[in-house]
Amino acid sequence: MKRIGILTCGGDCAGLNAAIRSVTQCAILKYGWEVYGIRNGTVGLLTDPPLVEKLDVNFKGFGHALLRMGGTILGSTSKGNPFSYKKEDGTMGDCSNQAIEVYHKLGLDALIAIGGDGGLKIMSQLAELGNINLVGIPKTIDNDVSHTEALGFSTAVEVATYALDGLQPTAASHDRVMVLEVMGRDAGHIALNAGLAGGADVILIPEIPFKMQHIIQKIQSVIQTGRNFALVVVAESARMAEKDPLMVRYEDGAERYGGVGDFISRQLSEAIHVETRTMVLGHIQRGGQPIAKDRIMAAAFGVKAVQLIAQEKYGRMVAWQHQEVVDIPLKDALGSYQTVDLNGSLITTARGLGISLGDE
Ligand code: F6P
């Protein structure tokens, strides 16, 4: 009999609830364990009293609703770093001991953290410091956690592709260039994948700094072939060669990527007098219903994470490789950052199709 905890940390994505369901269902029905959901990521461990609730598979709709539902029923945050946490009095400080103490006080045998690169790094540090038996499940629409495909990525690509499917007919009806700005903090996987699936003429990713002249030339050559519209997909973090990426300062003082889609639209219409429109896809890429692929991965990740705990294999992360679920040391996954492989087949495919990547 074990008591395990589960939390979601960092930005949400599709498939988190399906993973929570899978962990809970496997732990309770297969092993007879107790599962405790920690609310709002690490904030649930830093709040007094802790924000913890027992999860129950018999709760009406638990399995069926969760499988299909976007977001995370446990809540999440990107502002819950216990090593630098904003306390109630407004000051910042290291509250990691409090989080560790709560984990032990709850009598948990292990903790499953569903997180991205940043969240899993923090959880791994915390686990090492406080003897927490941690298993990680990778999630992020950015797909930048190494050695795996991450939960939520496929759904984000599907949403962005659907957006291009909607933009193409309206672009063709009005002789316009449509610029679609998609998410992707420091990695262009969504832009590249959706751009290929949605028939983009130009795909701009942070891994390949762009020059406006190449984008302009590509659009001109599309027009010269007699086509009356064009599609551009740009990752929010894409940047012009020798320039910094465009950022927007938010109310919380943080800077986030934003504005590159609009920049490209304006540059294009000024340079070659084409009519352009920009669409910033934003958080709809994160919040939607998971597509089948993410539900299947969530199911496999959840079961594998519980099995790892049953075998007392900690400090591991479940991973999706070659259509199989495997487990790897968390440290291996967190040691590097998975950007688009510039020699990979998707880049070769894009170039082979004559898609401009902004560098030629
Ligand atoms: O990391 C996931 C992500 O969706 C990025 O693609 C994006 O830049 C960022 O999170 C947005 O985060 P926030 O939730 O702060 O708007």
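Residues numbered from 1 in each chain as written. Predicted model: local features only at pLDDT ≥ 70, side-chain atom pairs only at ≥ 80, totals over all residues. Heavy atoms only, no water.

## Describing the overall build of the protein
Helix and strand content of the protein: 13 helices and 15 strands. Taking 2.2 N^0.38 as the reference for a compact globule, 360 residues should give roughly 21 Å; the C-alpha atoms of the protein span a radius of gyration of 22 Å, in line with that estimate. Dimensions of the protein, computed from C-alpha atoms along their principal axes, come out at roughly 70 × 45 × 35 Å. Put simply, of all contacts in the protein between residues at least 6 apart along the chain, 72% involve residues at least 24 apart. Total accessible area on the protein is roughly 15800 Å²; 49% of this is exposed by carbon and sulfur atoms. (Helix = DSSP H or I, 4+ residues; strand = E, 2+ residues; numbered from the N terminus. Rg over C-alpha atoms; globule rule 2.2 N^0.38 Å. Contact = heavy atoms within 4.5 Å. Areas by Shrake-Rupley, 256 points an atom, 1.4 Å probe, with all protein chains shown as cover.)

## A word on the site of the ligand
In the vicinity of the ligand, the contacting residues are I141, D142, M183, G184, R185, E236, R256, H283 and R286. One of the side-chain N or O atoms of R185 is found 3.0 Å from an oxygen atom in the ligand. Between the ligand and H283, the relevant distance is 2.8 Å, taken from an oxygen atom to a side-chain nitrogen or oxygen of the residue. Surface burial for the ligand is 81%, taken as the share of its 400 Å² of free accessible area covered by protein chains. Judged by its atoms lying within 2 Å of the grid points, the ligand is housed in the largest pocket. For the shell around the ligand, the per-class residue count stands at two nonpolar, two polar and five charged. (Near = heavy atom within 4 Å. Polar contact = N/O pair within 3.5 Å; in protein donor to acceptor, adjacent residues only side chain to side chain. 1 Å grid on protein atoms, 1.4 Å probe; cavity = no way out; pocket = protein on both sides within 12 Å on 5 of 7 lines; lining within 4 Å. Sits in = over half its atoms within 2 Å of the grid points. Nonpolar A, V, L, I, M, F, W, Y, C, P; charged D, E, K, R; others polar.)

## A few points about the packing of aromatic side chains
Going through the model one piece at a time under the given rule, you end up with two aromatic pairs. Consider the rings of F301 and W320, whose centres lie 6.4 Å apart with planes at 80°: the pair is edge-to-face. Residue F301 is located in helix α11 (residues 292-310), and its partner W320 is located in strand β14 (residues 316-321); the two are separated by 19 residues in the primary sequence. Assessed through its relative accessible area of 11%, W320 is described here as buried. Directly above the ring of Y31 sits K30, whose terminal nitrogen or CZ lies 5.5 Å from the centroid. (Phe/Tyr/Trp six-rings, centres within 6.5 Å; stacked < 30°, edge-to-face > 60°. Buried < 20%, exposed > 50% of the residue type's maximum accessible area, 1.4 Å probe, protein only. Lys NZ or Arg CZ within 6 Å of the ring centre and 35° of its normal.)

## So, the nonpolar core
Core analysis: the biggest nonpolar cluster contains 63 residues, and I4, I6 and I112 have the highest contact counts within it. With nine residues, the single largest contributor to this core is helix α6 (residues 153-174). The two domains that each donate at least three residues to this core are domain 1 (3-151 + 290-321) and domain 2 (155-287 + 342-352). Dropping the residues within four chain positions of it, I6 is found in contact with I20, V23, V35, Y36, G37, I38, L55, L74, L111, I112 and I114. With 29 residues, the next largest nonpolar core counts C9, Y85, A113 and L126 among its residues. (Core = buried A, V, L, I, M, F, W, Y, C linked by side-chain atoms within 4.5 Å. Domains from an automatic or database assignment.)

## Quick notes on the environment of Q267
Note on placement: Q267 falls in helix α9 (residues 260-272). Relative accessible area serves as the criterion here: at 28%, Q267 is assigned to the partly exposed category. A C-alpha to C-alpha distance of 26 Å links Q267 and Q285, two positions 18 residues apart in sequence.

## Here we look at the domain arrangement of the protein
Split by domain assignment, the protein resolves into domain 1 (3-151 + 290-321) and domain 2 (155-287 + 342-352). Using only C-alpha atoms to locate each centre, domain 1 and domain 2 end up separated by 33 Å. Residue-level contacts link 14 residues of domain 1 with 14 residues of domain 2. Summing the contributions of domain 1 and of domain 2, the shared interface buries around 1000 Å²; its carbon and sulfur component is 52%. Per-residue buried area on domain 1 facing domain 2 is highest for I141, D142 and I291; these three make up 51% of the total on that side. Here domain 1 is connected to domain 2 by two salt bridges. For K79, the salt bridge is made with D252, and the minimal N-O distance between the two is 3.0 Å. Counting the contacts that link domain 1 with domain 2 gives six residue pairs in polar contact (both at pLDDT 80 or more). (Buried area = accessible area lost by both parts, 1.4 Å probe. Salt bridge = Lys/Arg side-chain N within 4 Å of Asp/Glu carboxyl O.)

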